[in-house]
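Chain residues, written in single-letter form:
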Amino acid sequence: MSNSSQSALAAPTAAPVAAKKPASITHHGITVTDDYAWLRDAGYPQVTDKEVLAHLEAENAWFEARMAPRKTLVDDLFKEMRARIKEADRSVPQKDGDYLYWIEFEEGAEYKKWWRKPVAGGDDELILDEVALAAGHEYFRLGALSVSNDGTMLAWSVDDNGSERFTARIKVIATGEELPDVIEGTLSSLVWVAGDKGLVYSLANENWRTDNARLHWLGQPLESDVELYHEDDEGFRVGSSLSANEKWLVIGTSDHETSETYLIPAHDPLAKPLLVKARQDGVEYDVDEREGMLYIHANDTHENFRIATAPLETPGEWTTLLEGTDDLYVTGFELYRDFFVVESRVRGLDTIELRCYDDPSRIEPITFPEASYDAGLADNPEWAVDKLRLTYESMVSPATVYDYHLADKSLEVLKVQQIPSGYDASLYETQRLEIPARDGTLVPVSIVYRKDRKASDPLHLYGYGAYGMAMSPGFSTTRLSLVDRGFAYAIAHIRGGDDLGRGWYKAGKREQRTNTFNDFVDVAKGLIEQGFTTPGRISISGGSAGGELMGAVMNDAPELWGAVVAHVPFVDVLNTMLDETLPLTPGEWPEWGNPIEDKDAFELIHSYSPYDQVKAQAYPPLLVTAGLNDPRVTYWEPAKWVAKLRELKTDSNELLLKTNMGAGHGGKSGRFQSLTESAEEFAFILWQLGMAA
């Protein structure tokens, strides 16, 4: 095995070969062997094992050696991606109380600055400088940011190593003076309560689980912080927020399919919490309040949710206001003083409707011009408003910020995403297709391409398909680097996401998980049949659970793919779900099943887990990324997967692993640094499809 000093001296001439150290596990009378389990450092989350580090560094050296001849292409891609970004840019200011707030990027800056100015007039005021905070750090991510209700103080939190443990601090905005109150290890919002004398937050425990909501009194030692709520179910996570009218502290606890909510007066956070409704398996709900009436978004009567109401005095007695249906998926709502807004999806397309408290029959939809798009409410922090801030984009329309004026029902364009290097939407076409899966289910596909592309040109197919997360047909400047080279770019809205409603999500989880993989393969075959490309001319990518998708479809239909990119891929599914000491495992059982207790779940997960199903066959070219500090998909999953693929695959196609040694699940931070990884990904795809020249 190559070590770090050797890889630093000379470029390697062969891919690293990981040592095989047989290990095994037995559950339900079934034994599964694992020759590469040793790649998990026993001291994790600290990774100090020299043999493990040497192997990761050797893989990185091999990646650098193989990509070195593509450096010019990577640089060219990076330059064109960067040229599409307006470097000196700012958001549209939004009023919140006595101030207008906005963010700015300066020319060349990786990170943004947070500004405000008095509505009544006065100087601009810099309230947080991410550029200064990120200086000297390989990785930087702002977590929470919250201005006190009186506008005098700012609370914020920062992760500077990718571990997703944030340090919270507080300062006086006018003077910049930082208070001695420093809270380490947070993983939550920061909520001001009790007349800005207290701050509510959640700590990540040793397994990255937020099982608490805590109250910190400003100026008091952390030891005196009060635990307002503790969650005993290890699969649940706790979060806090304020109601829209800012009268209530809302504490929610949930896993992937069950939730429970408590309300506490924001002015008296030590008051006894009001339980809205005790948790019921499979029932998710969220709550807001107006004038003594609770508004509830819940899936107790229909899987596509409903909006219900309940008096504050009897919070568990819910009366339907709007019922979800098989076609109407109610995704959420927001309350304002004089009206409320319902967001939903109909046949996969976003809808936004204004509704009246005193007249349920009065419904005011906001309409948009295109047949396929991504639209929703933006930041609307005030309780009493006469206009709403909205965002809109499609696969051919750059992101647009609107104000919707309630008085005359008009949309005012405030900002359209600028592309400095130029963009002509008339050169492109987008379609929304429906392609039948093998069981006859029609799977939606969003696709964009240049009108002058040829049928023999390649196609890139992206998918995710997990956790009920819809993949919206939005705009991407980065994507243009493939599309302008002839690629059609398609998003497969496969089961496992909630693109078509909650039933669509359920049809891709647990016992029905393989629908997700089958949908993706069948979409690819359908796009070939419709003449968009040919077998072997399809590149595919996905990250995290989408990386699991990449591994599964590589095992199932390797001949279809000309290049595969798997970012921080969740590929060692069985071993991870069997290890309840890992940070996220108990909370993941509702999504994948619990193979510890359930033999059927064990056998099903083993049957599709990409790592377990690697076999002696030809595989397509593959680029894999990982993050050493990733708490979500631990670094050893992609490392083990690549090691096993190197051992068993029968082809000579490229197999590369790049581990970010100073980053986590999201890869590199910074708006330009992250483009480097996109440029490497696209260079790999172009190289493997013979288009690198």
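What counts and what doesn't
- Residues numbered from 1 in each chain as written.
- Predicted model: local features only at pLDDT ≥ 70, side-chain atom pairs only at ≥ 80, totals over all residues.
- Heavy atoms only, no water.
- Salt bridge = Lys/Arg side-chain N within 4 Å of Asp/Glu carboxyl O.
- 1 Å grid on protein atoms, 1.4 Å probe; cavity = no way out; pocket = protein on both sides within 12 Å on 5 of 7 lines; lining within 4 Å.
- Points joined across faces, edges and corners; volume = space filled by probe spheres on them.
- Helix = DSSP H or I, 4+ residues; strand = E, 2+ residues; numbered from the N terminus.
- Nonpolar A, V, L, I, M, F, W, Y, C, P; charged D, E, K, R; others polar.
- Axes fitted to C-alpha atoms, helices over the stretch in contact; angles between N-to-C directions.
- Parallel < 35°, antiparallel > 145°, perpendicular 65-115°, else oblique.
- Left-handed = near helix turned anticlockwise from the far one by under 90°.
- Contact = heavy atoms within 4.5 Å.
- Pairing = 2+ DSSP bridges.
- Patch = residues over 30% accessible without salt bridge, like charges linked within 9 Å, V, L, I, M, F, W, Y side chains within 5 Å.
- Areas by Shrake-Rupley, 256 points an atom, 1.4 Å probe, with all protein chains shown as cover.
- Lys, Arg positive; Asp, Glu negative; His and termini not counted.
- Charge placed at Lys NZ, Arg CZ, Asp CG, Glu CD.
- Buried < 20%, exposed > 50% of the residue type's maximum accessible area, 1.4 Å probe, protein only.
- Polar contact = N/O pair within 3.5 Å; in protein donor to acceptor, adjacent residues only side chain to side chain.
- Phe/Tyr/Trp six-rings, centres within 6.5 Å; stacked < 30°, edge-to-face > 60°.
- Lys NZ or Arg CZ within 6 Å of the ring centre and 35° of its normal.
- Expected span 1.5 Å × (residues − 1).
- pLDDT = per-residue confidence, 0-100.
- Core = buried A, V, L, I, M, F, W, Y, C linked by side-chain atoms within 4.5 Å.

### Some thoughts on the pattern of salt bridges
It is possible for side chains of opposite charge to pair when their charged atoms get near one another.
Phase 1 of the analysis: One pass over the structure, following the stated rule, counts 46 salt bridges.
Phase 2 of the analysis: Note that glutamate 80 is salt-bridged to arginine 84, the shortest N-O span being 3.4 Å.
Phase 3 of the analysis: For the salt bridge of arginine 169 with glutamate 178, the shortest nitrogen-to-oxygen distance reads 3.9 Å.
Phase 4 of the analysis: Beyond isolated ion pairs, a larger network of salt bridges with shared partners links Glu257, Lys509, Arg510 and Glu511.

### Observations regarding the layout of surface pockets
Phase 1 of the analysis: One number sums up the size of the second largest pocket: a volume of about 770 Å³.
Phase 2 of the analysis: The wall of the second largest pocket is formed by 34 residues, among which Glu164, Arg237, Leu584, Glu588 and Arg632 lie closest to the centre.
Phase 3 of the analysis: Looking at the lining of the second largest pocket, the elements with two or more residues in it are β8 (141-147), β16 (237-242), α9 (573-577) and α10 (585-592).
Phase 4 of the analysis: Among the residues forming the lining of the second largest pocket, the class breakdown is 15 nonpolar, twelve polar and seven charged.

### A closer look at the packing of helix α7 (residues 514-529) against helix α8 (residues 545-556)
How two helices pack is summed up by the angle between their axes together with the distance between the axes.
Phase 1 of the analysis: Two numbers describe how α7 lies on α8: the axes approach to 10 Å, and their chain directions differ by 65°. Compared by their axis directions, α7 and α8 come out roughly perpendicular. Once α7 is placed against α8, the crossing between them reads as right-handed. Where α7 approaches α8, its residues Thr516, Phe517, Phe520 and Val521 are matched on the opposing element by Glu548, Leu549, Met550, Ala552, Val553 and Asp556.
Phase 2 of the analysis: Of the residues contributing to the contact of α7 with α8, the split by class is seven nonpolar, one polar and two charged.

### Concerning the packing of helix α3 (residues 71-83) against helix α13 (residues 673-688)
Phase 1 of the analysis: Running from N to C, α3 and α13 cross one another at 125°; their axes reach a closest spacing of 8 Å. Relative to α13, the element α3 lies oblique. In this structure, α3 crosses over α13, and the sense of that crossing is right-handed. Here Leu73, Val74, Leu77, Phe78, Met81 and Arg82 of α3 lie close against α13, whose contacting residues are Leu675, Thr676, Ser678, Ala679, Glu680, Phe682, Ala683 and Leu686.
Phase 2 of the analysis: For the contact of α3 with α13, the per-class residue count stands at ten nonpolar, two polar and two charged.

### Observations regarding the sheet that holds β16
Phase 1 of the analysis: On the basis of which strands lie adjacent, the open sheet formed by four strands has the order β16-β17-β18-β19 and antiparallel pairing. Of all strands in the sheet, those with a lone pairing partner are β16 and β19 (274-275), marking the two edges.
Phase 2 of the analysis: As judged from the two bridges shared by strand β18 (residues 259-265) and β19, these two strands associate in the antiparallel manner. Bridge pairing links tyrosine 262 to leucine 275 in β19.

### What to know about the sheet that holds strand β24 (residues 328-335)
Phase 1 of the analysis: Read across the sheet, four strands follow the order β24-β25-β26-β27 without closing on themselves; strand pairing throughout is antiparallel. Edge positions in the sheet fall to β24 and β27 (363-366), since each has one partner strand and no second. The sheet shows a mean angle of 25° between the axes of neighbouring strands, direction not considered.
Phase 2 of the analysis: Bridging between strand β25 (residues 340-346) and strand β26 (residues 349-355) involves seven bridges; their strand directions are antiparallel.

### Overview of a negative patch on the surface
Phase 1 of the analysis: Residues Glu580, Glu597, Asp598, Asp600 and Glu603 make up a contiguous surface patch of negative charge.
Phase 2 of the analysis: Locating aspartate 600 in the fold gives a position in helix α11 (residues 599-608).

### Looking at the side chain of threonine 253
Phase 1 of the analysis: Along the chain, threonine 253 falls in strand β17 (residues 248-254).
Phase 2 of the analysis: Taking relative accessible area as the criterion, threonine 253 reaches 1% and is therefore assigned buried.
Phase 3 of the analysis: A distance of 2.8 Å separates polar atoms of two side chains, one belonging to threonine 253 and the other to glutamate 231.
Phase 4 of the analysis: Residues contacting threonine 253, with those up to four places away along its chain left out, are Tyr229, Glu231, Phe236, Arg237, Val238, Thr258, Ser259, Glu260 and Arg279.

### Details of the pairing of strand β31 (residues 410-416)
Phase 1 of the analysis: Bridge count for strand β30 (residues 400-405) against β31 is six bridges, and the pairing is antiparallel. Residue pairing for β31: histidine 405 is matched across the bridge by serine 410.

### Description of the packing of aromatic side chains
Phase 1 of the analysis: In this structure the tally under the stated criterion is 25 aromatic pairs.
Phase 2 of the analysis: Here tyrosine 423 and phenylalanine 475 contribute two aromatic rings whose centre-to-centre distance is 5.2 Å and whose plane-to-plane angle is 75°, an arrangement assigned as edge-to-face. Placement of the pair is tyrosine 423 in the loop between β31 and β32 (428-436) and phenylalanine 475 in the loop between β34 (459-462) and α5 (480-483), with a sequence separation of 52 residues.
Phase 3 of the analysis: Among the aromatic residues, those joined into a cluster by ring pairs are Tyr44, Trp208, Tyr635 and Trp636.
Phase 4 of the analysis: Above the face of the tyrosine 611 ring, lysine 644 is positioned so that its terminal group lies 4.7 Å from the ring centre.

### Comments concerning α13
Phase 1 of the analysis: Taking 1.5 Å of rise per residue, 16 residues should cover 22 Å, and α13 covers 24 Å from first to last C-alpha, within 8% of that figure.
Phase 2 of the analysis: Of all 16 residues in α13, twelve are buried; the element is thus mostly enclosed.
Phase 3 of the analysis: Along α13, the positions that sit buried rather than exposed are Leu675, Glu677, Ser678, Ala679, Glu680, Glu681, Phe682, Ala683, Phe684, Ile685, Leu686 and Trp687.
Phase 4 of the analysis: Where α13 terminates, the next one or two residues include glycine 690, which has phi positive at roughly 70°.

### As for the confidence of the model for the chain
Phase 1 of the analysis: In the predicted model, the chain carries a mean pLDDT of 94, and the fraction of residues at 70 or more is 98%.
Phase 2 of the analysis: Scored below 50 in pLDDT, residues 1-8 makes 13 contacts in the model with residues more than four places away or belonging to other chains.

### Describing the nonpolar core
Phase 1 of the analysis: Among the nonpolar cores identified, the biggest contains 86 residues, and Leu461, Phe520, Leu527, Trp561 and Trp641 are the most heavily contacted of them.
Phase 2 of the analysis: The contacts of tryptophan 641, once residues within four sequence positions are left out, are Gly551, Met554, Ala566, Pro569, Val571, Pro610, Tyr611, Val614, Leu622 and Val624.
Phase 3 of the analysis: Counting 25 residues, the second-largest nonpolar core is a separate cluster that includes Leu623, Phe682, Phe684 and Leu689.

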